[in-house]
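Read off the chains here:
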Amino acid sequence: MDIKEFKKNAHKTLDYIFDYYENIEKLPVKSQAAPGDIINKLPEKAPEKPEDYDQILKDFDSIIMPGITHWQHPNFHAYFNSNGSFPSFLGEMLSTAIGAQCMIWQTSPAAAELEQRVMEWLRDLCGLPGHFHGVIQDSASTATLVSILTAREKVSAYDINRHGFRGSRKYSIYCSAEAHSSIDKAVRIAGFGADSLKKVSTDENFAMIPSELNRMIEEDIDNDVQPLAVIAAIGTTSSVAIDPLKEISDICNKRGLWLHVDGAHAGTAMILPEFRYMIEGIELADSYVFNPHKWMFTNFDCSAYFVRDKEALIKTFSILPEYLKTEEDKFVNNYRDWGIQLGRRFRALKLWFVLRSFGAEGLRKKISGHINIAKDIAEKIETHPDFEILAPVNLNVICFRYFHPEKSEMELNAINESILKKINASGEIYITHTKLKGKYTLRLVLGQTELTERHAAKAWQVIKQYATQ
Ligand code: PLP
């Protein structure tokens, strides 16, 4: 494809994208494909001869699109959102077009310096402490792994990086029983072993109980196990429960434990000052992550990771072979040293486009709009005789179920599971589930970029319709 053909094909592709967005609401939200549907339409061998772009685009439409679940559909209410927005797409298009690999300052000074600046913007917009240094990671999972590895090195005086785990010293890491599975994964990858992760029990609101955390730490100390780090959740995945950060941070501070805060989804709400009570105590945390790629209209991937001690982070990850040395090393941020990857995409660009296009005011308006819509629907669910709310609605996620007093818990679980299946098979909306205290729970997430009251009302109507059936 030469530049002339590229121009022609790019215009066709853009037209396809415009049509897609103009008609997205006509598509089933969740792909209706069955396993094997797509692969069976794909040739077993790669093509030997160049193929025509029109045919490739046609096949994209007929083979690939039916296997796509439309995350940008305003009736998408599953998991947490993975939001995009038009400014973000445009930033991403330019980043792809430039194709810069931004591993060190010299390989694109603008990428490094823009990343530094947008992360400062984001830190200040969200009311995070001025001593936080920000870096964009691909995902919250990676950020949490980076945090746990940094904690491991700082606590062991960088000995484990050098010699590996030696002797019989055992460590413990703590999170709540409701914390995200990325923490389990990070603890395993960091070499501690799954048993080193201690799950602290939660209260009636699914938030960590600090006195339990304290008790477990003391028990470990008595058993000659070294407490190493605590991961607090500001917005758990199942129900957006908020761990009491102030008390947890005091415990960590008193005992010299590393504190990482996982605000993957809820973190975006910190642009609204009225929700900053959720991160009271953050000034004592060692690191914090939230995902603009979830709720801040910045398409995947873009995870904002903030760390207090940037020297500890760099010391954990820096390896400097001759071929990567540059004259500027002492004066600039080389983000290859701030995480796992060497090669890095220019992610700051889309975030810059989003922050400038929406403006802080536009972001606050959208986020508070989502939260208000969720409050309104939650009220309707709560007051309906056939439904019950199963967790506090802290932000924009509603955990609820169909309820009938004459049905057993087992029957209710089966009924709710079947309601979920029917709703999703309809293609009208897409919601997912979790289990809270053993109860099969429907989760309605109201956070898609283009969500309005109309979409929320439709979700509620579809839920009622299938529950009645
Ligand atoms: N932490 C929480 C609370 C989450 O809900 C999620 C994902 O939904 C993650 C971490 C992992 O996020 P990522 O997909 O960016 O790794």
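For the structure itself, look to the data block above.
Residues numbered from 1 in each chain as written. Predicted model: local features only at pLDDT ≥ 70, side-chain atom pairs only at ≥ 80, totals over all residues. Heavy atoms only, no water.

Colleague: I'd love a proper account of a negative patch on the surface, names of residues and values included.
Modeller: A surface patch of negative charge is lined by D2, E5, E51 and D52. The topology assignment puts D52 in the loop between helix 1 (3-23) and helix 2 (53-64). (Patch = residues over 30% accessible without salt bridge, like charges linked within 9 Å, V, L, I, M, F, W, Y side chains within 5 Å. Areas by Shrake-Rupley, 256 points an atom, 1.4 Å probe, with all protein chains shown as cover. Salt bridge = Lys/Arg side-chain N within 4 Å of Asp/Glu carboxyl O. Lys, Arg positive; Asp, Glu negative; His and termini not counted. Charge placed at Lys NZ, Arg CZ, Asp CG, Glu CD. Helix = DSSP H or I, 4+ residues; strand = E, 2+ residues; numbered from the N terminus.)

Colleague: Would you mind going over the sheet that holds strand 1 (residues 76-77) in detail, with residue names and values included?
Modeller: Sheet architecture is open: five strands sit in the order 1-11-12-10-9, paired in mixed fashion. Of all the strands in the sheet, just strand 1 and strand 9 (387-389) have a single pairing partner and so form its edges. Judged from the three bridges that link them, strand 9 and strand 10 (residues 397-402) form a sheet pairing that is antiparallel. Bridge pairing in strand 10 links I389 to F400. (Pairing = 2+ DSSP bridges.)

Colleague: Describe the site of the ligand, listing the residues and the values that go with them.
Modeller: Around the ligand lies a shell of 13 residues, among which A140, S141, T237, D262 and N291 are the nearest. In the environment of the ligand, a nitrogen atom lies 2.6 Å from a nitrogen or oxygen atom belonging to the side chain of D262. For the shell around the ligand, the elements supplying multiple residues, two or more each, are helix 5 (140-155) and helix 10 (292-295). Partitioning the shell around the ligand into residue classes produces three nonpolar, eight polar and two charged. (Near = heavy atom within 4 Å. Polar contact = N/O pair within 3.5 Å; in protein donor to acceptor, adjacent residues only side chain to side chain. Nonpolar A, V, L, I, M, F, W, Y, C, P; charged D, E, K, R; others polar.)

Colleague: Mind laying out the pattern of salt bridges, listing which residues take part and the relevant values?
Modeller: For the coordinates displayed, the defined rule picks out 26 salt bridges. E92 is paired through a salt bridge with K350; the nearest N and O atoms lie 3.0 Å apart. Of the two residues, E92 is situated in helix 3 (residues 86-98) and K350 in helix 12 (residues 348-383); the sequence distance between them amounts to 258 residues. No difference in accessibility class separates E92 from K350, as the two residues are buried. The salt bridge involving R401 is made with E409; its shortest N-O contact spans 2.9 Å. A relative accessible area of 1% places R401 in the buried class. The class for E409 is partly exposed, based on a relative accessible area of 40%. (Buried < 20%, exposed > 50% of the residue type's maximum accessible area, 1.4 Å probe, protein only.)

Colleague: Before we move on, can you summarise the sheet that holds strand 8 (residues 303-307) with the specific residues and values?
Modeller: What the seven strands build is an open sheet, ordered 2-8-7-6-5-3-4; its pairing is mixed. The open sheet has two edge strands, strand 2 (133-137) and strand 4 (197-200), and neither has a second partner. Taking each pair of neighbouring strands and ignoring which way they run, the sheet shows an average axis angle of 20°. Of the pairings in the sheet, the one linking strand 7 (residues 287-290) to strand 8 comprises four bridges and is antiparallel in character. Bridge pairing in strand 8 places V289 opposite Y305. Across the sheet, helix 4 (residues 109-125) lies against strand 2, strand 7 and strand 8, angled at about 80° from strand 8, the strand it touches most. Helix 7 (residues 181-189) contacts strand 3 (170-176), strand 4, strand 5 (225-233) and strand 6 (258-262) of the sheet and is inclined by roughly 155° relative to strand 4. (Axes fitted to C-alpha atoms, helices over the stretch in contact; angles between N-to-C directions. Contact = heavy atoms within 4.5 Å.)

Colleague: Can you tell me about unusual backbone geometry, naming the residues and giving the values?
Modeller: A cis amide bond links F300 to the next residue, D301, at an omega of 10°. Its location among the elements puts D301 in the loop between helix 10 and strand 8. Positioned with a positive phi, F206 is a non-glycine residue whose angle comes to about 70°. On the secondary structure map, F206 appears in the loop between strand 4 and helix 8 (210-222). A relative accessible area of 3% places F206 in the buried class. Its identity as a non-glycine residue notwithstanding, D224 has a phi of 65°, on the positive side.

Colleague: Would you mind going over the environment of L149 in detail, with residue names and values included?
Modeller: Take L149: it is sitting in helix 5. We classify L149 as buried; its relative accessible area is 13%. Taking the C-alpha atoms as reference, L149 lies 8.4 Å from A186; in sequence the two are 37 residues apart. Apart from the residues lying within four places of it in its own chain, the contact partners of L149 are A190, T316 and F317.

Colleague: I'd like a description of the packing of aromatic side chains, backed by residues and values.
Modeller: Taken as a whole and assessed by the stated rule, the structure comprises 20 aromatic pairs. Pairing Y16 with F60 gives two aromatic rings, centres 5.6 Å apart and planes at 70°, and the pair type is edge-to-face. A residue pair is termed long-range when its members are at least 10 positions apart, and Y16 in helix 1 and F60 in helix 2 qualify at 44 residues. Ring centres of F165 and F192 lie 5.4 Å apart, and the angle between their planes is 70°; this geometry places the pair in the edge-to-face category. With F165 in the loop between helix 6 (159-163) and strand 3 and F192 in the loop between helix 7 and strand 4, this pair connects stretches of sequence that are 27 residues apart. Exposure remark for F192: the relative accessible area of 11% places this residue in the buried category. Here the aromatic residues Y20, Y21, F86 and F89 are joined through ring pairs into a cluster of three or more. Positioned above the aromatic ring of Y158 is the side chain of K315, whose terminal nitrogen or guanidinium carbon lies 4.2 Å from the ring centre. (Phe/Tyr/Trp six-rings, centres within 6.5 Å; stacked < 30°, edge-to-face > 60°. Lys NZ or Arg CZ within 6 Å of the ring centre and 35° of its normal.)

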